[in-house]
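# Descriptive structure summary
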Amino acid sequence: MTTKTALITGITGQDGSLLAHYLISQGYKIIAPTRKNPDKSNLKKLAVENSEQITFLTYKKWSDFEEIISHYKPSEIYHLAAMSHVGQSHENPALVFDVNCIWTLALLKFTQEHSPHSKFFFASSCEIYRNDFDRAVTEGDEKRPNNPYGISKLSAHQMVDYYRDVKGLFACNGILFNHESELRHPSFVSKKICVNVARLVKNGGEPLTLGNIEAKKDWGYAPDYVKIFHTILQQPQSQNYNISTNKLHSVKDMVNAAFSALNYKISWQGTGINTQGINSDGLVVVSINEKYFRPLDNRFLCGDNTKIQTVGQNINQVPFHQWVKSMTLYEYNSLI
Ligand code: NAP
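Just so we're clear, the structure is a prediction, and the values are computed from it rather than from any experiment.

With that settled, the discussion passes to unusual backbone geometry. Positive phi is not limited to glycine here, since Asn37 has a value of about 50°. Relative to the helices and strands, Asn37 resides in the loop between strand E2 (29-34) and helix H2 (41-45). Notably, Asn246 is not glycine yet its phi reads approximately 65°, a positive angle. Tracing the sequence through the fold places Asn246 in the loop between strand E11 (241-243) and strand E12 (249-250).

Here the focus is the site of the ligand. Around the ligand sit 24 residues in total, of which Thr12, Leu80, Ser84, Tyr149 and Lys153 are the nearest. Here an oxygen atom of the ligand and a backbone polar atom of Gly10 are 3.3 Å apart. The backbone of Leu80 places a nitrogen or oxygen atom 2.8 Å from an oxygen atom of the ligand. Every element with two or more residues in the shell around the ligand is listed here: helix H1 (14-25), helix H4 (93-114), strand E5 (119-125) and helix H5 (148-165). Top contributing element to the shell around the ligand by residue count: E5, with 3 residues. In terms of residue class, the shell around the ligand is made up of 11 nonpolar, 9 polar and 4 charged.

Take the environment of Asn240 next. Among the secondary structure elements, Asn240 is positioned in the loop between helix H7 (222-233) and E11. Measuring from C-alpha to C-alpha, the distance between Asn240 and Gly174 comes to 5.9 Å, with 66 residues separating the pair along the chain. Leave out the neighbours within four places in its chain, and Asn240 touches Glu139, His157, Asp161, Arg164, Cys172, Asn173 and Lys307. Of note is the side chain of Asn240, whose polar atom sits 2.9 Å from the side chain of Asp161.

Okay, helix H8 (residues 251-261) next. Where H8 is concerned, the buried positions are Val251, Met254, Val255, Ala257, Ala258, Phe259 and Ala261. At its buried positions, H8 is contacted by helix H6 (189-203), strand E8 (208-210), E12, strand E13 (266-269), strand E15 (284-288) and helix H10 (320-334).

Assigned domains of the protein chain: these are domain 1 (5-181 + 220-247 + 301-317) and domain 2 (189-216 + 250-299 + 325-334). Contacts between the two partners involve 11 residues from domain 1, matched on the other side by 7 residues from domain 2. The junction of domain 1 with domain 2 conceals about 780 Å² of combined surface from both sides, 46% of it contributed by carbon and sulfur atoms. The largest contributions to the domain 1 side of the interface with domain 2 come from Asn131, Glu180 and Leu301, which together make up 47% of the buried area. Here domain 1 is connected to domain 2 by 0 salt bridges. The tally of links between domain 1 and domain 2 comes to 1 residue pair in polar contact (both at pLDDT 80 or more). Taken together, the residues of the side of domain 1 that touches domain 2 break down into 4 nonpolar, 4 polar and 3 charged.

What follows is about H7. Relative to the 16 Å expected for 12 residues at 1.5 Å per residue, H7 spans 17 Å between its end C-alpha atoms, a close match to the ideal helical length. For H7, the tally of buried residues reaches 10 of 12 residues, placing the bulk of the element in the interior. If you check which residues of H7 are buried, you get Ala222, Asp224, Tyr225, Val226, Ile228, Phe229, His230, Thr231, Ile232 and Leu233.

Two quantities define a packed helix pair, namely the angle between the helix axes and the distance between the axes. The geometry of helix H3 (residues 64-72) relative to H4 is characterised by a closest axis approach of 9 Å and an angle of 35° between their N-to-C directions. The two elements H3 and H4 cross, and the hand of that crossing is right-handed. Here Phe65, Glu66, Ile69 and Ser70 of H3 come into contact with H4, specifically with Trp103, Leu107, Phe110, Thr111, Glu113 and His114. Looking at the contact of H3 with H4 residue by residue, the class counts come to 5 nonpolar, 3 polar and 2 charged.

Further remarks concern the side chain of Asp304. Along the chain, Asp304 falls in the loop between E15 and helix H9 (306-309). Buried charge Asp304 goes without a salt bridge, the closest partner of opposite sign being Arg135 at 6.8 Å. Contacts of Asp304, omitting those with residues within four sequence positions, involve Ala136, Val137, Thr138, Glu139, Asn242, Ser244 and Asn246.

Charged atoms that come close allow side chains of opposite charge to pair. Enumeration over the complete set of coordinates arrives at 12 salt bridges. Across the salt bridge formed by Lys61 and Asp64, the nearest N and O atoms sit 3.0 Å from each other. The exposure class assigned to Asp64 is partly exposed, which follows from its relative accessible area of 21%. Close ionic contact of Asp141 with Arg135 constitutes a salt bridge, the shortest N to O distance being 2.8 Å. Each of Arg130, Asp132, Glu142 and Arg144 takes part in one network of salt bridges that share partners.

So, about the sheet that holds E8. Spatially, the 4 strands line up as an open sheet ordered E8-E15-E14-E13, and their pairing is mixed. In this open sheet, the two edge strands, each paired with only one partner strand, are E8 and E13. If you compare each strand with its neighbour and ignore which way they point, the axes differ by 20° on average. Docked against the sheet, H6 engages E8 and E15, running at close to 155° with respect to E8. Most of the contacts of H8 go to E13, to which it runs at about 155°, and overall it touches E8, E13 and E15.

Here is what the cut-offs are and how they apply
- Residues numbered from 1 in each chain as written.
- Predicted model: local features only at pLDDT ≥ 70, side-chain atom pairs only at ≥ 80, totals over all residues.
- Heavy atoms only, no water.
- Helix = DSSP H or I, 4+ residues; strand = E, 2+ residues; numbered from the N terminus.
- Near = heavy atom within 4 Å.
- Polar contact = N/O pair within 3.5 Å; in protein donor to acceptor, adjacent residues only side chain to side chain.
- Nonpolar A, V, L, I, M, F, W, Y, C, P; charged D, E, K, R; others polar.
- Contact = heavy atoms within 4.5 Å.
- Buried < 20%, exposed > 50% of the residue type's maximum accessible area, 1.4 Å probe, protein only.
- Domains from an automatic or database assignment.
- Buried area = accessible area lost by both parts, 1.4 Å probe.
- Salt bridge = Lys/Arg side-chain N within 4 Å of Asp/Glu carboxyl O.
- Expected span 1.5 Å × (residues − 1).
- Axes fitted to C-alpha atoms, helices over the stretch in contact; angles between N-to-C directions.
- Left-handed = near helix turned anticlockwise from the far one by under 90°.
- Lys, Arg positive; Asp, Glu negative; His and termini not counted.
- Pairing = 2+ DSSP bridges.

Have a look at this one:
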């Protein structure tokens, strides 16, 4: 057990809650600055919302972090808070850039000035990479984001590099590929699939409606990933790492895995937008609607994870089918 202190931004989100839960089990004290009236439902699901190891603070503006970092001088800083929805980032690019990049820069500056021995982890994103690779991307591959979220994350990522390489801070980018869990926000397709499959199996009703089910992603399990954030800060040198599975699964694979988790048989008929998932009574349980198609659904970005494997961390502790099953059972059991 340790007596280290970790500051986590974004503790109310999927990764922040899971990381807090993990660090508490490792004996950490946690400093958790949040906005006013934080939604602690994820922390509650993990039964840590009232943990004595967490000190919640309310901040109003980025500059409040100068006082927080200077006062607590945390051993580790995990900067996870962000406007994390890629699609929505087109609506307000300036705000996304401010939250995702300028805030990161402020935190790096305050850390350098007031707590230069703190180790700094930034949640970078696979959205920073060029989108037309036909092989798994490595950390050194070309970055060329094509949405405001990716642009903001790349600028922040480069600031982290600058504070490490020029200013000497122990600062690392975890280049995160998609990772899901029971705590995922309902606006993400993994949650939508698991919620609706559970509902269809238990109560029936309207079909699950999706966009391009042939779209593929490098999908991992968030509880595995947050342990890796911690491991990265325990290395002798600060570096950047892809955090990815190096495997692609389609949306259709996820639908199949979710139904089979509940021993419910479906078959597929038709092609393209006419594809339908049919149950054993001949009823349509999955349908396609073009309004859910995304412009880049045909990009199959996959992350080479050779480098992160060198730190001795098994990134696929829970394999794809098993975590989709876990998410689906969670939804099924929460239905009355
Ligand atoms: P999440 O569930 O959406 O959580 C986002 C967190 O950021 C929440 O705590 C939220 O706080 C905070 N936040 C959002 N907008 C904010 C704003 N304007 N000002 C201050 N705080 C704000 O995200 P996540 O899935 O845990 O992801 C964690 C990090 O990893 C993010 O930086 C994300 O971009 C990055 N990432 C995630 C994935 C993935 O697949 N999950 C992939 C690549 C990168 P409130 O509760 O106050 O809203």
